Amino acid sequence: MTYTPPNNMSIEDFEMNLAESFVKETHYQQYHQCRALAFQADVMRRQDKYEVALSIINDMKSIYDPQLHSKAIMKEYETDNCMEMIAASTVWLNYFGHSDEALQLCEHVVDTMLPEIKATELVTKHGILIPICRTLANQGQISSAKRALELYRNHVADPAALAGSKAHP
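Read on for an overview of the structure. (Residues numbered from 1 in each chain as written. Predicted model: local features only at pLDDT ≥ 70, side-chain atom pairs only at ≥ 80, totals over all residues. Heavy atoms only, no water.)

Formed by 41 residues in total, the largest nonpolar core has its most connected members in Met60, Tyr64, Ile86, Trp92 and Ile132. Among the elements that line this core, the one with the most residues is helix H5 (residues 81–95), at nine residues. Here Ile86 is in contact with Ile57, Met60, Lys61, Tyr64, Leu105, Val109 and Met113, once residues within four sequence places are set aside. (Core = buried A, V, L, I, M, F, W, Y, C linked by side-chain atoms within 4.5 Å. Buried < 20%, exposed > 50% of the residue type's maximum accessible area, 1.4 Å probe, protein only. Helix = DSSP H or I, 4+ residues; strand = E, 2+ residues; numbered from the N terminus. Contact = heavy atoms within 4.5 Å.)

And the structure:
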């Protein structure tokens, strides 16, 4: 079943308006504000407006403090979409030729953000690490590709194999 927005709005306009409303309504609660900005950046990404998405992510990064917000976001939304969108932005930065910035952001996510996610939150870690690993692997250096494999193995593959059917989605 396909959703049809009200008043003959296009799906794109409906999503943009929804995201803008979410951002406005959450202005007074930082972790909700961060999540709303992540949603807005994702809407822009789905509409192929990557430069706008990157700008929104930069705004979000000025507010988002993973040590302060990640646990609250995870409790409220089940996954930290802020961290996931920041990780995803490394792929876009790399695509637009900002490889150094993308690599610095990869290291920042791995060193300061990823530790805030519980070891048992494998789906969230997967969502964060896939774009990070992709960015690292696309650098054309064996050491970067090995680093990507090591990160994914240490944070997702090995813990999932150890947990077996008890792995937390």
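Looking now at the environment of Val91. When you line up the elements, Val91 lands in helix H5. Taking the relative accessible area as the measure of exposure, Val91 reaches 16% and is therefore buried. In this structure the C-alpha to C-alpha distance between Val91 and Ile132, which are 41 residues apart in sequence, comes to 7.5 Å. Leave out the neighbours within four places in its chain, and Val91 touches Pro131, Arg134 and Thr135.

Peptide bonds are mostly trans, and most non-glycine residues show a negative phi. With phi around 60°, Asp48 is a residue other than glycine that occupies positive phi space. Looking at where Asp48 falls in the secondary structure, it is placed in the loop between helix H2 (30–46) and helix H3 (50–63). Look at Asp48 and you get exposed, because its relative accessible area is 57%. Positioned with a positive phi, Glu78 is a non-glycine residue whose angle comes to about 75°.

The contact between H2 and helix H4 (residues 66–77) brings their axes to 9 Å, and the two run at 75°. Classified by the interaxial angle, the pair formed by H2 and H4 is roughly perpendicular. For the pair formed by H2 and H4, the contact residues are Gln30, Tyr31, His32, Cys34 and Arg35 on the first element and Leu68, His69, Ala72, Ile73, Glu76 and Tyr77 on the second. Looking at the contact of H2 with H4 residue by residue, the class counts come to six nonpolar, three polar and two charged. (Axes fitted to C-alpha atoms, helices over the stretch in contact; angles between N-to-C directions. Parallel < 35°, antiparallel > 145°, perpendicular 65-115°, else oblique. Nonpolar A, V, L, I, M, F, W, Y, C, P; charged D, E, K, R; others polar.)

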